[in-house]
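Coordinate inspection notes
Chain residues, written in single-letter form:
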Amino acid sequence: MLTLYGTVMSRAFRCLWMLEEAGVDYELKPVDFARGETKAADYLMLNPNGRVPLLVDGDLRIWESLAINLHIAKRYAPQFWPTTADQESYLHMWTVWVMGEIEGPHDAANKAGADLDGPALDRSLTALRQAVGDRDYLLGVDFTVADLNVASVLLRPKTVEVVKADPALKDWFDRCTTRPALGRVFDK
Ligand SMILES: N[C@@H](CCC(=O)N[C@@H](CS)C(=O)NCC(=O)O)C(=O)O
């Protein structure tokens, strides 16, 4: 049994989405960062990084939402894992890209009380536009954890607006975010 710590209203929703796609048994232990619960001593014993989500899988304790998703997909849901080494490299590229180029600047802008700079976001999304321009999903014809990781980071109010208004991204984004597994997460 896998145990995920966090709440739907946190980045843990990304891992809940992956868990629902995988169809594995899991338990959600609610740890609410907004109430300071990520800094409680017993939680810090499990996750010295002091944030959610955290996945406990046997002796393994993994934090970082997208790394958790890579673990779940590789170990429990090979249908969402790339089938070639080249595709696997692209999976890592997209996962690191969305954290570094989208999530990082977004968090920095939030902390500074600023809006995410439109032109900068637009530039960052150019690569994604090209990638999904001539295919259904990032790695080809099938939905994989690469799509899930990228779409789940883009699923933030200010970014969603930009992506949905972009004809080159909208269809891919809709294909990803209308999946029943994600619907089940938000129904929780
Ligand atoms: N890069 C991390 C970020 C995790 C993160 O910042 N989680 C927030 C909740 S969405 C949190 O636990 N914040 C508490 C804190 O920073 O003290 C991930 O994707 O897992």
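Reading the values: rules and limits
For every chain, the first residue of the written sequence is number 1, and numbering continues from 1 along that sequence. Note on the predicted model: pLDDT of at least 70 is required for a residue's local features to be given, and 80 or more for side-chain atom pairs to be given and counted; whole-chain, interface and lining totals, by contrast, use all residues. In this scheme, strands are said to pair when DSSP sees at least two bridges between them. Secondary structure elements are defined from DSSP: runs of H or I of at least 4 residues count as helices, runs of E of at least 2 residues count as strands, and each element is numbered from the N terminus. Only buried Ala, Val, Leu, Ile, Met, Phe, Trp, Tyr and Cys residues enter a nonpolar core, and they are joined through C-beta atoms within 7 Å. Think of it as a crowd count around each C-beta: if 20 or more other C-beta atoms lie within 10 Å the residue is buried, if 12 or fewer it is exposed, and in between it is partly exposed, with C-beta placed from the backbone throughout. The domain limits used here are those given by an automatic or database domain assignment. Here the contact rule is simple: place C-beta atoms from the backbone, and any two residues whose C-beta atoms are within 7 Å are in contact.

**So, the pairing of strand β3 (residues 54-57)**
Two strands pair when backbone bridges link them, and strand β1 (residues 2-5) and β3 are joined in this way by three bridges, in the antiparallel orientation. In the strand pairing of β3, Y5 is matched with L54. Bridge count for β3 against strand β4 (residues 60-63) is four bridges, and the pairing is antiparallel. The partner of L55 across the bridge, within β4, is I62. Counting the residues between successive antiparallel strands, the hairpin from β3 to β4 contains two residues, one of them, G58, with a positive phi of roughly 65 degrees.

**Focus: the nonpolar core**
If you look at the biggest cluster of nonpolar residues, it comprises 47 residues, and the most contacted ones within it are L4, C15, L16, M18, L19, V145 and V150. No other element matches the eight residues that helix α1 (residues 12-22) contributes to this core. When residues of this core are assigned to domains, at least three fall in each of domain 1 (2-78) and domain 2 (82-179). Ignoring sequence-local partners within four residues, the contact set of V145 consists of M18, N69, L70, A73, F80, W81 and L91.

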